[in-house]
Amino acid sequence: MRSSFVRIIIVCSALYALACGAFFAVLACFRADKEIWWGAAAFVLATAAIFAGYLLSLRLRMIEILDKLSLTVQSLIDGQDKQQFPVSEDNLLSKLQDQVLKLSGILRTQKLRYKEEGEEMKSLITDITHQLRTPLANLNMYNGLLTDESLPPDKRTEFARIMRDQTEKLTWLMDSLVKISRLESGIIEIRAERRNVADTVLAAIKTAYPSAEEKELEITFEGSRSVQLLHDAKWTGEAIGNVLDNAIKYTPAGGSIKVTVERYEMFARIDVADNGRGIPEAELAKVFQRFYRGTSSADTPGVGVGLYLARKILTEQGGYMKVSSEPGRGSVFSLFLPVDTAEIV
């Protein structure tokens, strides 16, 4: 920068000297008086002083601008968005500063997102490893027992049944983990279409009905049967199915499950209410965590991914979930989907 500025001064000075030489040559040709020579000399010196002052002020201004740019860059390096140029002035430097600060904000947001995704992936891998360890260890143990030729037939049959159950649990777990990982990594895209959400709910009830029938549970449906809104019927149906499956597991034989659909101004609400064992208040905030199992869930099959996956599906569509419960009297899981463009008949 300094050498460029020096070159500019040298070139300008040379041109000025040539112009002055030409001017004095003209005065000599016309044999100007002594007073004219003194006036010309004074004029040349004055213009030279003005030009030198301008170059000096220009250099000082350039140094000031570079210092401010350096401070702006340093503030970005330090993670602080300090403004060195007045934002009220509509000039090139203010615009450049605004664009640089915006770029810094975008890069900082991306860095934070990548960090969160990395931590989430690390957590997911840890959880998967932990969840797979038990069923794989059980399979390995019972496989070793079945190789014992002296094992009684009744024990062999029992161990084979346990291995089948563990294999089914492992298969279901792997399917759930694959869905979670694909949703979290963005591999699976939610494809929203305008459909009747009541049809989606009834399809989920139909899928869950055989399991409810085995426990002699009654599933009823109430509410509007025509709420049109944008949603992914496949994934939304899976979310509702996960909540229904959870209700079936924790409702005793002979109990009941009621599913209702209501429309509000901004959201459609789907309630899945049961009269099961309920959830302690201290655990309500944890039920949507990945792989969370309540203190009273030891005797109930499951790994704690159904509700987490359901909430993830709702969140991807701009919705959310909440739960209310009272131990011994049942639980109500509420699923909310946005209906700002919905039409209801």
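Refer to the structure above for everything that follows.
Summary of the structure given here. Model, not experiment: these values are computed from the prediction.

## Focus: the overall build of the chain
Along the backbone of the chain there are seven helices and eight strands. Across the 345 residues of the chain, 32% fall into the buried class. Pairs at least 24 residues apart make up 68% of the contacts formed inside the chain by residues separated by at least 6 positions. For the chain, the accessible area works out to roughly 21,500 Å², and carbon and sulfur atoms hold 58% of it.

## So, the packing of helix H6 (residues 233–250) against helix H7 (residues 306–316)
Relative orientation of the contacting elements H6 and H7 amounts to 150°, with a least axis distance of 9 Å. Classified by the angle between their axes, H6 and H7 sit roughly antiparallel to one another. Note that H6 runs across H7; the crossing there is left-handed. Seen from H6, the contacting residues are Trp235, Thr236, Glu238, Ala239, Asn242, Val243 and Asn246; seen from H7, they are Gly306, Leu307, Leu309, Ala310, Ile313 and Leu314. Among the residues forming the contact of H6 with H7, the class breakdown is eight nonpolar, four polar and one charged.

## Looking at the sheet that holds strand E7 (residues 330–338)
The mixed open sheet is built from five strands, whose spatial order is E2-E4-E5-E7-E6. The open sheet has two edge strands with one neighbour each: strand E2 (218–223) and strand E6 (320–326). Between one strand and the next, the sheet's axes are offset by a mean angle of 15°, whatever the strand orientation. Direction of pairing for strand E4 (residues 256–263) relative to strand E5 (residues 267–274): antiparallel, over a ladder of seven bridges. When the sheet's bridge partners are listed, Thr260 is paired in E5 with Asp271.

## Re the side chain of Thr236
Checked against the element boundaries, Thr236 lands in helix H6. Beyond its immediate chain neighbours, meaning those up to four positions away, Thr236 contacts Thr200, His231, Ile313, Gln317 and Leu337.

## Quick look at H6
Taking 1.5 Å per residue as the helical rise, H6 with its 18 residues ought to reach 26 Å, and the 26 Å between its terminal C-alpha atoms agrees with that figure. Regarding H6, its N-cap is Asp232, as a side-chain oxygen of that residue lies 3.1 Å from the backbone nitrogen of Lys234 further along.

## Some remarks on unusual backbone geometry
Backbone geometry at Glu216 places phi at a positive 60°, although glycine is not the residue there. Relative to the elements of secondary structure, Glu216 occurs in the loop between helix H5 (197–214) and E2.

## Topic: the environment of Asp271
Within the fold, Asp271 resides in strand E5. Distance from Asp271 to Phe221, taken between C-alpha atoms, is 9.9 Å for residues 50 residues apart in sequence. Here Asp271 is in contact with Lys258, Val259, Thr260, Val332, Phe333 and Ser334, once residues within four sequence places are set aside. Among the polar contacts made by the side chain of Asp271, one reaches the side chain of Ser334 at a distance of 2.6 Å.

Quick notes on the rules
- Residues numbered from 1 in each chain as written.
- Predicted model: local features only at pLDDT ≥ 70, side-chain atom pairs only at ≥ 80, totals over all residues.
- Heavy atoms only, no water.
- Helix = DSSP H or I, 4+ residues; strand = E, 2+ residues; numbered from the N terminus.
- Buried < 20%, exposed > 50% of the residue type's maximum accessible area, 1.4 Å probe, protein only.
- Contact = heavy atoms within 4.5 Å.
- Areas by Shrake-Rupley, 256 points an atom, 1.4 Å probe, with all protein chains shown as cover.
- Axes fitted to C-alpha atoms, helices over the stretch in contact; angles between N-to-C directions.
- Parallel < 35°, antiparallel > 145°, perpendicular 65-115°, else oblique.
- Left-handed = near helix turned anticlockwise from the far one by under 90°.
- Nonpolar A, V, L, I, M, F, W, Y, C, P; charged D, E, K, R; others polar.
- Pairing = 2+ DSSP bridges.
- Expected span 1.5 Å × (residues − 1).
- Polar contact = N/O pair within 3.5 Å; in protein donor to acceptor, adjacent residues only side chain to side chain.

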